[in-house]
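Fold and contact review
The primary structure of each chain is shown beneath.
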Amino acid sequence: MTDPTPVFDDLRDESEELDRLVGELSEDAWALATPAAGWTVAHQIAHLTWTDRSALLAATDLAAFGAEVEKALAAPDRFVDEGAEEGAGLPPERLLAEWRAGRDALHKVLCSAPRGVRFPWYGPPMSAASMATARLMETWAHGQDIADALHVMRPPTDRLRHVARIGVRARNFAFGVQGLDAPEEEFRVELTAPSGDGALWTYGPEDATQRVTGPALDFCLLVTRRAHRADLAIRAQGPDADRWLDIAQAFAGPPGTGRAPKGATG
């Protein structure tokens, strides 16, 4: 069985990197608009805080988590925004403290979870490692929204391998959420690692006719819908792979509108 420790450590490191970005922001900076419509920097951190809290409940208090699921079912189009809005109204120092405490508590719970245990979630149940991977993907993606709002360039790290893996594994989900049948053939995906040593992250059979290639960073921006395909160096070979790049997403729920191409107007 694969040791899940690396993803737990990578989630912690990803969170700490984002913390360094927002920890000393002025109150005005917390109110800056991010590329997510209606969401400020504070909304982004509030959403991470809310989701960490939900994950902690899923791992420690089934009854309380069940109540959260009921709230989500009662307002499927609003519960995520409402959770972010509630937290965004807090003073920045309190929001930061709650985010830090929540993610630290979740880290301890996930690290101590017995092998093979699966926790309930808003979708299928997840193992501790899968939950940590999903939290890392969200932390990185919402951190990208914050970096864009602050006009900061974040150097990519090999922690992106977790985001890339989710994006590849979610291929069939991406087709399904668009009301499309997933292709029967497996795709070959070859991504250049951010480390700059020429390493490739590869997925799928080597002889697949449908292929996707490019930088891992660009693929992760694509599957988290943080950049438009036209602005990324991701290439497809084959019509099914080409269609996938238009609809790929690594996260559950509706795809949303995504980002407009750079230079688009209106």
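Overview of the structure. Residue numbers here run from 1 along each chain, matching the order of that chain's written sequence. The predicted nature of this model means local features are confined to residues of pLDDT at least 70 and side-chain atom pairs, given and counted, to a pLDDT of 80 or more, with totals for whole chains, interfaces and linings taken over all residues. Hydrogens and waters are ignored; side-chain quantities use all the structure's heavy atoms.

This brings us to the side chain of His-142. To qualify as a helix, a DSSP run of H or I must reach at least 4 residues; to qualify as a strand, a run of E must reach at least 2; elements of each kind are numbered from the N terminus. Residue placement: His-142 occurs in helix H7 (residues 128–150). Within the local environment of His-142, its side chain forms a polar contact with the side chain of Gln-44, the two groups lying 2.6 Å apart. Other than its neighbours up to four places away in sequence, His-142 contacts Trp-39, Gln-44, His-47, Leu-48 and Arg-226. Nitrogen and oxygen atoms within 3.5 Å of one another constitute a polar contact, given that in protein one can donate a hydrogen and the other can accept it, and given that sequence-neighbouring residues count only through two side-chain atoms. Any two residues whose heavy atoms approach within 4.5 Å at even a single point are treated as in contact.

With respect to the helices, strands and loops of the structure, Glu-27 is situated in helix H2 (residues 27–30). Between the C-alpha atom of Glu-27 and that of Glu-93, which follows or precedes it by 66 residues, the distance is 9.3 Å.

Here we come to the packing of aromatic side chains. Aromatic ring pairs are described here by two measures, namely the spacing of the ring centres and the angle between the planes. Between the rings of Phe, Tyr and Trp (Trp by its six-membered ring), a pair exists once the centres lie within 6.5 Å; its type follows the angle of the planes, with under 30 degrees stacked, over 60 edge-to-face, and the other angles tilted. Per the counting criterion, the structure on display carries eight aromatic pairs. Between Trp-121 and Tyr-122 the ring centres are 5.0 Å apart and the planes differ by 70°, which places this aromatic pair in the edge-to-face class. Exposure is judged per residue with a 1.4 Å probe applied to protein chains only, and the accessible area is read against the type maximum: over 50% gives exposed, under 20% gives buried, and values in between give partly exposed. Look at Tyr-122 and you get partly exposed, because its relative accessible area is 28%. We call a charge positioned above a ring when the Lys NZ or Arg CZ atom is no farther than 6 Å from the ring centre and deviates by at most 35 degrees from the ring normal. It is Arg-103 that lies over the ring of Trp-99; its NZ or CZ is 4.3 Å from the centre. Its guanidinium or amino end placed over the ring of Phe-187, Arg-171 lies 4.3 Å from that ring's centre, counting from NZ or CZ.

Look at any regular strand and the pattern is simple: side chains alternate between the two faces of the sheet. Most of strand E3 (residues 188–192) sits out of view: four of its five residues are buried. At least two DSSP bridges between two strands are required for those strands to pair. Relative to strand E5 (residues 211–215), E3 runs parallel, the two sharing five bridges. Bridge pairing in E5 links Arg-188 to Arg-211. With four bridges connecting them, E3 and strand E4 (residues 200–203) associate as antiparallel partners. Bridging from a neighbouring strand, Val-189 pairs with Tyr-203 of E4.

Further remarks concern the packing of helix H8 (residues 160–169) against helix H10 (residues 216–223). The relative placement of two packed helices is expressed as an angle between their axes plus a distance between the axes. Fitted lines through C-alpha atoms give the axes, limited to the stretch in contact for helices. The angle between two N-to-C directions lies from 0 to 180 degrees. Two elements in contact, H8 and H10, have axes whose closest approach is 9 Å; the angle formed by their N-to-C orientations is 55°. Relative to H10, the element H8 is oriented oblique. The hand of the H8/H10 crossing is left-handed. Residues Leu-160, Val-163, Ala-164, Gly-167 and Val-168 of H8 touch H10, and the partners they reach there are Leu-217, Phe-219, Cys-220 and Val-223. Here the nonpolar group is Ala, Val, Leu, Ile, Met, Phe, Trp, Tyr, Cys and Pro; Asp, Glu, Lys and Arg are the charged ones; every other residue, Gly included, is treated as polar. In the contact of H8 with H10, the residues fall into eight nonpolar, one polar and no charged. Angles below 35 degrees are treated as roughly parallel, those above 145 as roughly antiparallel, those between 65 and 115 as roughly perpendicular, and all remaining angles as oblique. A crossing counts as left-handed when the near helix is turned anticlockwise from the far one by less than a right angle, and as right-handed when that turn is clockwise.

As a volume, the second largest pocket reaches approximately 690 Å³. As defined here, a cavity is a set of points on a 1 Å grid over the protein atoms alone where a 1.4 Å probe fits but cannot get out. A pocket is an open set with protein on both sides within 12 Å along at least five of seven lines, and residues line them when an atom is within 4 Å of a point. What lines the second largest pocket is a set of 33 residues, and nearest its centre among them are Gln-144, Asp-148, Arg-226, Ala-227 and Lys-262. Of all elements in the fold, only helix H1 (5–22), H7, H8 and H10 reach the threshold of two or more residues within the lining of the second largest pocket. When residues in the lining of the second largest pocket are grouped by element, the largest group, five residues, is from H7. Here the residues of the lining of the second largest pocket are counted per class, giving 18 nonpolar, five polar and ten charged. Grid points are joined across faces, edges and corners, and a volume is the space filled by probe spheres set on the points.

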